[in-house]
Amino acid sequence: MSNQQLLTLDIPVGGMTCASCANRIQRKLNKLDGVNASVNYATEKAHVEAPADINPQQLIDTIVAAGYTAELPREETAEEPGAAPEEKDRELQDLRNRVVGAVILTVPVIAMSMIPALQFTNWQWLCLTLSAPVFVWAGWPFHRATLKNLRHGEVTMDTLITMGTTASFLWSVWALFFGRAGLPGLKHEFHLTVTPGDADMNIYLEAMAGIIMFVLLGRYFEKRSKRNAGQALRELMKLGAKEVSVLESSGVEKRLPVEQLRPGVVFVVRPGEKIATDGVVVEGTSAVDASMLTGEPMPVEVGPGDEVTGATINTSGRLLVRATRVGSETQLAQMAAMVEAAQTGKAPVQRLADRVSGVFVPAVIAIAAVTLGAWLLTGHGASEAVTAAVAVLIIACPCALGLATPTALLVGTSEGAKAGVLLRGPEVLESARKVDTVVLDKTGTVTTGVMELTEVPPTPENLVPLAASVEAASHHPIAQAIVRAADPDSLLPVSDFRDIPGVGVEGTVDGHRIEVGRSGENSGSGGTVVAVRRDGELLGTLEVSDSVKPTSAAAVAKFREWGVRPILLTGDAAGPAFRVADEVGIAREDVISGVMPEDKVATIEKLQAGGACVAMVGDGINDAAALAQADLGMAMGTGTDVAMEAADITLVRGDLLAAADALRLSRRTLRTIRSNLFWAFFYNVLAIPVAALGLLNPMLAGAAMAFSSVFVVGNSLRLRGFSPSQLDNQKE
């Protein structure tokens, strides 16, 4: 099927609660004739390629029939590029309301149930009044997800939550209305005796409400972090020029919105302005700052016949440009498409709790069934058998399960923030655990991204003040690097200044004509050599280059120490790339130079196809698609908003050593979550035999909940010992 016969859509999907939801929708869509779909849980989108003659509504109906919400993507406008669906905001607000309501209603229920001094006459009925809305309304997202999963024969953490809370709530209602738990004067005395209790006097409302409150709180924070998944695209589209000066046939300039620009139209770009769209220079020469695309600080010299790219910046001369590509055809739009494609194509990471629940839930149901049968077969009555079986279901739902991930994330992220590392969500941790290859952008990541004077060969003349005096009037990055290196008090007066685009600058100093410009030579270290001439005679040369950040070599050493292979990936030429690689300790065979943004994505894909789990560290717009494609994207906080939005981790301090910290912190936090989940289940698993034997009492259930919760919180607090300074002696 050719591309002309394909319809491509990115459909926003609502109602997904885990990675299995995304997989289920994907399977349903792919069953349609000719449809190839990829559903991403993190971005909440379905990327669909379908025959052109298909009715898009059929795709929507398929998703809705699976139990989720969907709508056809809206057209983007200049005023609201890449606007997120209102449905997404409504979901987040609804979840927030449920969290607030659950907290307000649950805290008094837990307090009354666990503290005998607060158990006034008929306190249990107030607990029922407060907890009923928690079970029915606040817990509805879990119950709804459970029903969807059961229709497809799947169990997740939602199933475990619904199973345990339903058993707890219904048993408590039965005990209150038909047993003796509703009698005035009921007390939940704090004793942990393992003896047969009066089942009709036991209520478990605090366990039910606590589970829903904690898990709901964790789900809200996760949903909020995913809300900005499409922000990278919106930030990208905002980078383009908003207006353009079109040159009419009469020679008069006319300002128009950039959306009205068409191929073939000639427009004017003045110094300091953004180039409105992709085109070809028809008149003028200048230096264009293309760092947005290439990531390199060195401007590109352009003249008649040279191609220029929209959203890049004209630094010096006036240009006339003929538009060649506009709208969705521009390189900027193609970069946005690459970011979206990379985000959509990323394999969803299933929650660890979901994987555990997939084994635990069927096991608990089987144990409950065996308990019911064993009691009946041993001659006990139906009431005793049902009581023991339900007790198994009640004790099996661990309250600490709701604390296991959120508490570790809360402590881990707060400690990470102190170390300059911001984690986006729990799925980031799963990716960090497996990373064995780290791809490093050069400029702005390994290096400072700022041109600096790095070498002044010894000469009889004091070249720096002389060159800086003439360069002071130029806005060229090389000129500014020379000026920054000079003492301001050493600058001399300059007359007859001329800026010659593509060549350099010249001016008269103390009666002599001073010329400063490129020498045409390449330095051995990959820098740019600038020649200084007086009255046509060469006085000497200066070298300007992008310097390596002080901590980059140490960070690369950390990666190697942990068995992570570092690769340098850059749009710069081979010479500068090798210079930086040698300085920080990256093998030359692991240097990939001269690449464009699409090449960076292809490089990541090639590594992944070879079995590598890839982390990408970058800072520029040109890195955004690669950051989204990588298994783990890490963006420098000193870089662009686009890069940060496309990444999984933001390195606030803009230091490559923070990337090493991020890997270590992520792995340590994941280990904490895993141990939390183990202990969240462990106490309850120990109590299952007690429940099966009919020896469960509410205090034992409450104690299991309290002990596991305290342990989980305490275990999470151990992450407060994380410190970047400990990296020197730690291996992960």
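Here is what the cut-offs are and how they apply
Residues numbered from 1 in each chain as written. Predicted model: local features only at pLDDT ≥ 70, side-chain atom pairs only at ≥ 80, totals over all residues. Heavy atoms only, no water. Helix = DSSP H or I, 4+ residues; strand = E, 2+ residues; numbered from the N terminus. Buried < 20%, exposed > 50% of the residue type's maximum accessible area, 1.4 Å probe, protein only. Contact = heavy atoms within 4.5 Å. Areas by Shrake-Rupley, 256 points an atom, 1.4 Å probe, with all protein chains shown as cover. UniProt positions renumbered as here; feature names shortened; annotations may be inferred. Pairing = 2+ DSSP bridges. Salt bridge = Lys/Arg side-chain N within 4 Å of Asp/Glu carboxyl O.

Draft legend 1. Region of the structure containing the overall build of the protein chain. Across its full length, the protein chain holds 24 helices and 26 strands. Evaluated residue by residue, the protein chain yields a buried proportion of 54% over its 732 residues. Summarising the internal contacts of the protein chain: among those between residues at least 6 apart in sequence, 69% fall at separations of at least 24. Summing over all exposed atoms, the protein chain offers an accessible surface of approximately 30200 Å²; the carbon and sulfur share of this is 57%.

Draft legend 2. Structural view of the UniProt feature "transmembrane region" (unreviewed entry) in the protein chain. Taking the UniProt record as the reference, the feature "transmembrane region" (unreviewed entry) is found at residues 99–117, 123–140, 160–183, 203–221, 356–377, 389–411, 676–693 and 699–717. Taken end to end, residues 160–183 is 75% helix and 0% strand, and its first and last C-alpha atoms sit 31 Å apart. Here residues 356–377 runs as 100% helix and 0% strand, with 31 Å between its end C-alpha atoms.

Draft legend 3. Just the sheet that holds strand 11 (residues 307–308), in detail. Taken together, 6 strands build an open sheet; the order of strands is 6-5-7-13-8-11 and the sheet is antiparallel. Only two strands of the sheet have a single neighbouring strand rather than two, namely strand 6 (253–257) and strand 11.

Draft legend 4. Structural detail: the pattern of salt bridges. Per the counting criterion, the structure on display carries 13 salt bridges. Arg98 is the partner of Asp94 in a salt bridge, and the nearest nitrogen-oxygen pair spans 2.8 Å. Here Asp94 pairs with Arg98, and both are found in helix 3 (residues 86–114), just 4 residues apart, close to one helical turn. Overall, the relative accessible area of 31% leaves Asp94 in the partly exposed class. Residue Arg565 is joined to Asp590 by a salt bridge in which the shortest nitrogen-to-oxygen separation is 2.7 Å. With a gap of 25 residues between them, Arg565 in strand 22 (residues 565–569) and Asp590 in the loop between helix 19 (574–584) and strand 23 (591–592) connect regions that are remote in the sequence. Counted as one network, the salt bridges with shared partners bring together Glu253, Arg270 and Arg318.

Draft legend 5. Spotlight on the sheet that holds strand 12 (residues 313–314). Taken in spatial order, the 3 strands of this open sheet run 10-9-12, and their pairing is antiparallel. Sheet topology places strand 10 (300–302) and strand 12 at the edges, where each strand pairs with a single neighbour. In this structure, strand 9 (residues 286–289) lies alongside strand 12, joined through 2 bridges in antiparallel fashion. Considered in strand 12, the bridge of Val288 is made with Asn314.

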